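Given next are the chains, with one letter for each unit.
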Amino acid sequence: MKKFLIAAAALSLWAGLAYAQAYPTRPVTVIVPFAAGGPTDVIARIVGDHMSKTLGQQVIVENVAGAGGTTGITRGSQAAPDGYTLMMGHMGTHGAAPALYPQLRYNPTTDFAPIGLAAGTPILIVAKKAFPAKDLKEFAAYLKANQAKVNEAHAGVGSVSFTTCTMLNAQLGVKPTRVAYRGTGPSLNDLVGGQVDYMCDQIVNLVEQIKGGQIKAFAIATAERSPALPDVPTTKEAGLPEYQVSAWNALFAPKGTPKAVVDRLNDALSKALDDPATRKRLLDLGGIVPAGPERTPEYLAAFVKKEVERWTPILKAAGAVAN
Amino acid sequence: MGELAGNLALGFATALSWQNLALCFTGAMVGTLIGVLPGVGPIATIAMLLPLTFKADPTGALIMLAGIYYGAQYGGSTTAILVNIPGEATSVITTLDGHQMARHGRAGVALGTAAIASFVAGSIATVVIAALGVPLTKLALLFGPAEYFSLMAMGLAFATVLARGSVYKAVAMIVVGLLLATVGTDLETGEDRLTFGLQDLSDGIDFAVLAMGLFGFAEVLRNLENPETRDVVKGAIGRLLPSRADLKQSLMPVLRGTGLGAMLGILPGNGAVLGPFASYAVEKKLARKPERFGRGAIEGVAGPEAANNAGAQTAFIPLLTLGIPPNAVMALMVGAMTIHGIIPGPQVITKRPDLFWGMVASMWIGNLMLLVINLPLVGLWVRLLKVPYRLMFPAILVFCCIGIYSINNNPADVMFTAFFGLAGYALYKFGFEPAPLLLGFVLGRLMEEKLRQALVLSRGSFLTFVERPVSAGLLLVAVVVIVVAVLPAVRKGREQAFQE
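A brief look at the structure comes next. (Residues numbered from 1 in each chain as written. Chains lettered and ligands numbered in written order. Predicted model: local features only at pLDDT ≥ 70, side-chain atom pairs only at ≥ 80, totals over all residues. Heavy atoms only, no water.)

1. Overview of the overall build of chain A
As a reminder, the rule being used: Only DSSP runs of H or I covering at least 4 residues are called helices, and only runs of E covering at least 2 are called strands; the numbering of each starts at the N terminus. We compute the radius of gyration over the C-alpha atoms and compare it with the globule rule, which gives 2.2 Å times the number of residues raised to the power 0.38. Buried, partly exposed and exposed residues are distinguished by accessible area as a fraction of the type maximum, computed with a 1.4 Å probe on protein chains only: under 20%, between the cut-offs, and over 50%, respectively. A contact between two residues is defined here by any heavy atoms of the two lying within 4.5 Å. Here the open area of atoms and residues is found with the Shrake-Rupley method and a 1.4 Å probe, where only the protein chains shown may cover a residue. Charge counting follows a simple rule: Lys and Arg are positive, Asp and Glu are negative, and His as well as the terminal groups are ignored. Each charge is placed at NZ for Lys, CZ for Arg, CG for Asp and CD for Glu.
Helix and strand counts for chain A come out as 12 helices and 11 strands. Relative to the 2.2 N^0.38 estimate, which gives 20 Å for 323 residues, the radius of gyration of chain A is 21 Å and therefore close to what a compact globule would have. Across the 323 residues that make up chain A, the buried fraction comes to 60%. Nonlocal contacts in chain A, meaning residues at least 24 apart in sequence, comprise 77% of its contacts between residues at least 6 apart. If you sum the accessible surface of chain A, you get close to 12,400 Å²; carbon and sulfur atoms cover 59% of it. One way to put it: in chain A the 32 positive side-chain charges average out to a point 4 Å from where the 25 negative ones average out.

Pasting the structure below:
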């Protein structure tokens, strides 16, 4: 019996190895849980384009949008753990979702085989052109003094602009009127038009309007300034060091995916992030590319846990619940 | 003026390179072919074909994507005319008279008119973008939530004119459409509304799902029930291209439609959707015999098609000058640009004039190509109608299902379409029109959103809608339209009551 078990174990190990060597034998699908054209989609397509070369198989992006990204991740988490269906998870789907969606059908920390962090995008604090403040300190002071009349715009409950500004408002201790829009486009339109006062969002959505002088940026919520907007100070420089947040994206496979397959994918992802052309495309968008030690599956697993622990109290305190 | 000429010269120099011409043609061709499949609209088409553009340079890629966009837009009208299935919101109106024309053996004329109207409108809109794009942007920024709500209210007032029969039934349908639009996650609170616990409804009902059901599936059911009307074209096909008289009749509607469509297309949100509806309403009001509308009036195809195409084009203005996408298709174009390392915004005109003006020029070239591609295809499409219905309807159903599935890659959407197909059949049996319902649905979502945003911004005061001059003006037009539309009906109703 024991012999049999050893043989079986050896056989399965061999099968696993053989599988990993053969993998992938057909195209790999990456579910992007947002509509085509958004920041997560663009990053997935840029990274996937290079991963196709390393894997020798086409990486296909499939957009399954809905319910703040949880629809696509739910579907991906239920896929066969064979390495042919992956997901591009995100700050929202794997950090904020447990607090926002009480009926969430997956657990970000236990239902996945993390592959690695892909590029993220920093968050900016921006305001309409006529906002009576010239830096973050004045902005914070004005906000505190005029809470009743200030309007903050966001792209819908559960969106990146919503969660990140929830954090900002909590840290500043202000309760402005929050105006909900469907998506970044309409909210930005009203910010440029001066109908609303301020918002928080990903750099890629805002960079051209800031350069064009149609809105003003007070700070970027990363440790270092972005080469895409070198004049915008970091929150640390501007006096709000605790506001550190970015919309990160990461590749996940369903729970139970063989380790050899995960490693193969992690290697392909890391190679894509090191490729100069791919890297340049990501940096041009204002994206942040994770450094070597931040790219391992283990780092991602620990990171997701930290993110869930970080977002849950902030969102619960704000009473933000989506369904 | 000299500057404009110089800019356009630069644009044409860019767009007329062999490579860009080939990309423009490919885009328009592929867009037309895929757009003709019922249910596959521009969004699904562009998303599917996005990877094709990865290898091209940014200008060429954008020119090709723009070509796909016009092509798919135009393809939607083809299905609307031939099989009574609107490819997307803007071709709902074309089903009203376009399909009736097809039933009377004038499918070729309807298709030809649509192609020519689109070309004329597209050419004028290109000049509008080139000459007035930048100043017009300011107009778009004047529109805050309150103005937008009032514009939508005006749109709904126009919808009463769409009614072929009873105004009351049309109003009832608009209200049902508005209610259907409230299904899904509440914008402010994030709570699910009217979803009956179905997860698949939490993002609301997709337009294509509703339209394919109410029009596509219901039409098939209707035709199967009634063997005589089954084959769309009975007897002769008639002429393939519009006659001189047809063109003369279409000229003014095309010009009016272009103006309306171009103006509405600039507005943020999804102003372009209103264009065809507004044009149809205007033409019906101006017509000497309004009762012809809904029975195959050529003005009912020419005007809305022109408005549709003009709006589709001027929708690029906010994208190119502000970097803000006014609708879902344009959001996808932004994504396509960012993939190529260009983040659209006010800087693009000065930093990449070749890209900006090349795209403007390629719009006109793209429209010309659509005409070149589509006029010869008219004969082919019309011959499709000769296919026996027993072969045609399974094909329609299969393509509808593929199209619906491809929107969100969600099988549940196909089931919902089947449900709306049955609902549409029931509505038909009770003499209700689906078009006003769809308009209510399309406007409903935006209207609720803008109403609530306006009220949040005014801290709950309804006066905001009349205090802001643009908003007040739009509401006034809405009231006038309703009074004009409803008064005769009320009078008629009374007369009937007295007779009894």
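What follows picks up the thread again.
2. What about the overall build of chain B?
For chain B, the helix and strand inventory stands at 21 helices and 2 strands. What you see for chain B is a C-alpha radius of gyration of 22 Å, in line with the 23 Å of a compact globule of 500 residues. C-alpha atoms of chain B, sized along the principal axes, occupy 70 × 60 × 50 Å. Taking contacts inside chain B between residues at least 6 apart in sequence as the whole, the part at least 24 apart equals 79%. Carbon and sulfur atoms make up 70% of the accessible area of chain B, which totals about 19,000 Å². Charge centroids of chain B, computed over 34 positive and 29 negative side chains, lie 9 Å from each other.

3. Notes on the interface of chain A and chain B
For the record, the criterion: Each of two parts loses accessible area, computed with a 1.4 Å probe, when they are put together; buried area is these two losses added. Here a salt bridge means any side-chain nitrogen of Lys or Arg lying within 4 Å of a carboxyl oxygen belonging to Asp or Glu. Polar contact is the term for a pair of N or O atoms within 3.5 Å; when the atoms are in protein, one must be able to donate a hydrogen and the other to accept it, and sequence-neighboring residues count only if both atoms are side-chain atoms. Under the scheme applied here, ten amino acids are nonpolar (Ala, Val, Leu, Ile, Met, Phe, Trp, Tyr, Cys and Pro), four are charged (Asp, Glu, Lys and Arg), and all others, including Gly, are polar.
Each partner contributes to the interface: chain A provides 45 residues, whereas chain B provides 50 residues. Both faces combined, the contact of chain A with chain B buries some 3,900 Å², and carbon together with sulfur accounts for 49% of it. Across the contact surface, chain A and chain B share 1 salt bridge. The salt bridge involving Glu449 of chain B is made with Arg182 of chain A; its shortest N-O contact spans 3.1 Å. Summed over the shared surface of chain A and chain B, the number is 8 residue pairs in polar contact (both at pLDDT 80 or more). Counting residues per element, the ones that place at least two in the side of chain A that touches chain B are helix H2 (39-55), strand E2 (59-63), helix H3 (70-77), strand E7 (177-180), helix H7 (184-192), helix H8 (203-211) and helix H11 (276-284) of chain A. Across the side of chain A that touches chain B, the residue classes break down as 18 nonpolar, 14 polar and 13 charged.

4. Some words on the environment of Gln453 of chain B
With respect to the helices, strands and loops of the structure, Gln453 of chain B is situated in helix H19 (residues 434-457). Of the residues examined, Gln453 of chain B reaches a relative accessible area of 0% and is grouped as buried. Here the alpha-carbon distance between Gln453 of chain B and Phe196 of chain B, two residues 257 residues apart in the chain, equals 26 Å. If we ignore the near neighbours within four places in the chain, the residues touching Gln453 of chain B are Val179, Ala180 and Tyr181 of chain A together with Pro145 and Leu187 of chain B.

5. Examining the sheet that holds strand E11 (residues 249-254) of chain A
Residues and elements named next belong to chain A. Let me state the cut-off plainly: Strands are treated as partners if at least two bridges between them are detected by DSSP. For helices, the fitted line uses only the C-alpha atoms of the stretch in contact; every axis is such a line through C-alpha atoms, and the angle between N-to-C directions lies from 0 to 180 degrees.
The 5 strands are arranged E2-E1-E3-E11-E4 in an open sheet whose pairing can be described as mixed. The sheet terminates laterally at E2 and strand E4 (112-117), the two strands that pair on one side only. Across this sheet, the average inter-strand angle for adjacent strands is 30°, counted without regard to direction. Relative to strand E3 (residues 85-90), strand E1 (residues 28-32) runs parallel, the two sharing 3 bridges. Note that in E3 the partner of Ile31 across the bridge is Met87.

6. Focus on helix H6 (residues 107-142) of chain B
Spelled out, the test is: To estimate how far a helix should reach, multiply one less than its number of residues by 1.5 Å. Bend, at a single residue, is the angle you get between axes fitted to the 7 residues ending at that residue and the 7 residues starting at it.
The end-to-end C-alpha distance of H6 of chain B, which contains 36 residues, comes to just 42 Å, noticeably less than the 52 Å that a straight helix rising 1.5 Å per residue would cover. Its axis deflected by about 80° at Gly133 of chain B, H6 of chain B carries its strongest bend there, up to four residues before the proline Pro135 of chain B.

7. Thoughts on the pairing of strand E8 (residues 198-202) of chain A
Residues and elements named next belong to chain A. Taking burial as the measure, the 5 residues of E8 include 5 buried ones, the bulk of the element. Judged from the 5 bridges that link them, strand E5 (residues 121-128) and E8 form a sheet pairing that is antiparallel. In the sheet register, Val126 faces E8, and the bridge partner there is Met199.

8. Description of the pattern of salt bridges
Throughout the structure, instances matching the rule amount to 26 salt bridges over all chains. Ionic pairing is found between Asp267 of chain A and Lys271 of chain A, a salt bridge with its closest N-O pair at 3.0 Å. Of this pair, Asp267 of chain A and Lys271 of chain A are both found in helix H10 (residues 259-274), 4 residues apart, which corresponds to roughly one turn of the helix. Looking at Asp267 of chain A, the relative accessible area reads 34%, which means it is partly exposed. Overall, Lys271 of chain A belongs to the partly exposed group, its relative accessible area being 41%. When salt bridges with common partners are traced through the structure, they connect Asp186, Arg193, Glu448 and Arg452 of chain B into a single cluster.

9. Description of the nonpolar core
As a reminder, the rule being used: Here, nonpolar core refers to any group of buried Ala, Val, Leu, Ile, Met, Phe, Trp, Tyr and Cys residues whose side-chain atoms link them within 4.5 Å.
Core analysis: the largest hydrophobic core is formed by 205 residues, its most contacted members being Met51 of chain A together with Phe316 and Met333 of chain B. Not counting residues up to four positions away in its chain, the partners in contact with Phe316 of chain B are Ala66, Tyr69, Tyr70, Met330, Met333, Met359 and Met363 of chain B. Ranked by size, the runner-up nonpolar core spans 52 residues in total, among them Ile123, Leu168, Tyr243 and Ile314 of chain A.

10. Quick word on the packing of helix H10 (residues 244-266) of chain B against helix H11 (residues 274-286) of chain B
For any two helices packed against each other, one specifies the crossing angle of their axes together with the interaxial distance. Residue and element names in this part refer to chain B. Note the following rule: Two helices that cross are described as forming a left-handed crossing if the nearer one is turned anticlockwise from the farther one by less than a right angle, and a right-handed crossing if clockwise.
Between H10 and H11, the shortest axis-to-axis distance is 9 Å and the interhelical angle comes to 145°. In this structure, the crossing between H10 and H11 has a hand that is right-handed. Residues Pro253, Arg256, Gly257, Leu260, Gly261 and Leu264 of H10 pack against Leu274, Gly275, Ala278, Ser279, Val282, Glu283 and Leu286 of H11.

11. Let's talk about unusual backbone geometry
The omega torsion across Tyr23 of chain A and Pro24 of chain A is -5°, close enough to zero to call that bond cis. As for its position among the elements, Pro24 of chain A is in the loop between helix H1 (2-22) and E1. The backbone phi angle of Ala67 of chain A is positive, close to 45°, even though this residue is not glycine. Among the secondary structure elements, Ala67 of chain A is positioned in the loop between E2 and H3. For Ala67 of chain A, a relative accessible area of 10% gives the class buried. One non-glycine residue, Arg459 of chain B, lies in the positive phi region at around 55°.

12. Examining helix H5 (residues 92-103) of chain B
Residues and elements named next belong to chain B. Here H5 is 12 residues long and its end C-alpha atoms lie 17 Å apart, about the 16 Å a rise of 1.5 Å per residue gives. Extensive coverage of H5 is indicated by the burial of 11 of its 12 residues. All buried positions along H5 are accounted for by Val92, Ile93, Thr94, Thr95, Leu96, Asp97, Gly98, His99, Met101, Ala102 and Arg103. Within two residues after H5, Gly105 carries a phi angle of roughly 80°, on the positive side.

13. Considerations on a nonpolar patch on the surface
All names here are of chain B. What counts is decided by this rule: Residues enter patches when they are more than 30% accessible in relative terms and free of salt bridges; like-charged ones are connected within 9 Å and nonpolar ones (Val, Leu, Ile, Met, Phe, Trp, Tyr) within 5 Å.
On the surface, Ile124, Leu251, Met252 and Leu255 cluster together into a nonpolar patch covering about 340 Å² of accessible area. The element contributing the most residues to the nonpolar patch is H10, with 3 residues. For Ile124, the position within the fold is in helix H6. Classification of Ile124 as partly exposed rests on a relative accessible area of 33%.

14. As for the state of the cysteines
Heads up, the condition is: Cysteine sulfur pairs qualify as disulfides if the two atoms are within 2.5 Å.
Going through the model one piece at a time under the given rule, you end up with 1 disulfide over all chains. For Cys165 of chain A, the disulfide goes to Cys200 of chain A, at an S-S distance of 2.0 Å. On the S-S bond that ties Cys165 of chain A to Cys200 of chain A, the torsion sits near 70°, and the link is right-handed. With Cys165 of chain A in helix H6 (residues 160-172) and Cys200 of chain A in strand E8, the pair connects residues that are 35 residues apart, well separated along the chain. Distance from the sulfur of Cys401 of chain B, which forms no disulfide, to the nearest cysteine sulfur (Cys400 of chain B) is 6.8 Å.

15. A look at the packing of H7 of chain A against H8 of chain A
Residue and element names in this part refer to chain A. Rules: Here is the rule for angles: anything less than 35 degrees is roughly parallel, anything more than 145 is roughly antiparallel, 65 through 115 is roughly perpendicular, and the remaining ranges are oblique.
In the contact formed by H7 and H8, the axes pass within 11 Å of each other and the chain directions differ by 25°. The orientation of H7 with respect to H8, classified from their angle, is roughly parallel. Helix-helix and strand crossings are classified by hand; for H7 and H8 the assignment is right-handed. Judged by residue contacts, Thr184, Leu188 and Val192 of H7 engage Asn205, Leu206 and Gln209 from H8. Residue composition of the contact of H7 with H8, by class: 3 nonpolar, 3 polar and no charged.

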